[in-house]
Amino acid sequence: MNTEFIVPSFGNRNTYDFGATNDTFEVYKELNAIAEEIEECRLRNC
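Residues numbered from 1 in each chain as written. Predicted model: local features only at pLDDT ≥ 70, side-chain atom pairs only at ≥ 80, totals over all residues. Heavy atoms only, no water.

1. Comments concerning the overall build of the protein chain
The helix and strand tally for the protein chain stands at 1 helix and 0 strands. Counting across all 46 residues of the protein chain, residues that qualify as buried make up 0%. Surface summary for the protein chain: the accessible area is close to 5,200 Å², and the carbon and sulfur share equals 55%. (Helix = DSSP H or I, 4+ residues; strand = E, 2+ residues; numbered from the N terminus. Buried < 20%, exposed > 50% of the residue type's maximum accessible area, 1.4 Å probe, protein only. Areas by Shrake-Rupley, 256 points an atom, 1.4 Å probe, with all protein chains shown as cover.)

2. Thoughts on a nonpolar patch on the surface
Taken together, Val-27, Leu-31, Ile-34 and Ile-38 make up a surface patch of nonpolar side chains, about 380 Å² in accessible area. Position of Ile-34 among the secondary structure elements: in helix 1 (residues 22-44). (Patch = residues over 30% accessible without salt bridge, like charges linked within 9 Å, V, L, I, M, F, W, Y side chains within 5 Å. Salt bridge = Lys/Arg side-chain N within 4 Å of Asp/Glu carboxyl O.)

3. A short note on the pattern of salt bridges
Summed over the entire model, instances satisfying the criterion amount to 2 salt bridges. Of the charged contacts in the structure, one is a salt bridge between Glu-26 and Lys-29, with a shortest N-O distance of 3.4 Å. You can see Glu-26 and its partner Lys-29 sitting in helix 1, 3 residues apart, about one turn around the helix. Linking Arg-42 and Glu-39 is a salt bridge whose minimum nitrogen-to-oxygen distance equals 2.7 Å.

And the structure:
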């Protein structure tokens, strides 16, 4: 019996250019801090 696992490809990443204002920059900084926390957690659990 053969099993085939389909793995998504992350080779084609779309990027977007959002207009930056002080409000959007604060949101970006907060999201970036969350992403860094998640990465630190991921690295500890490997």
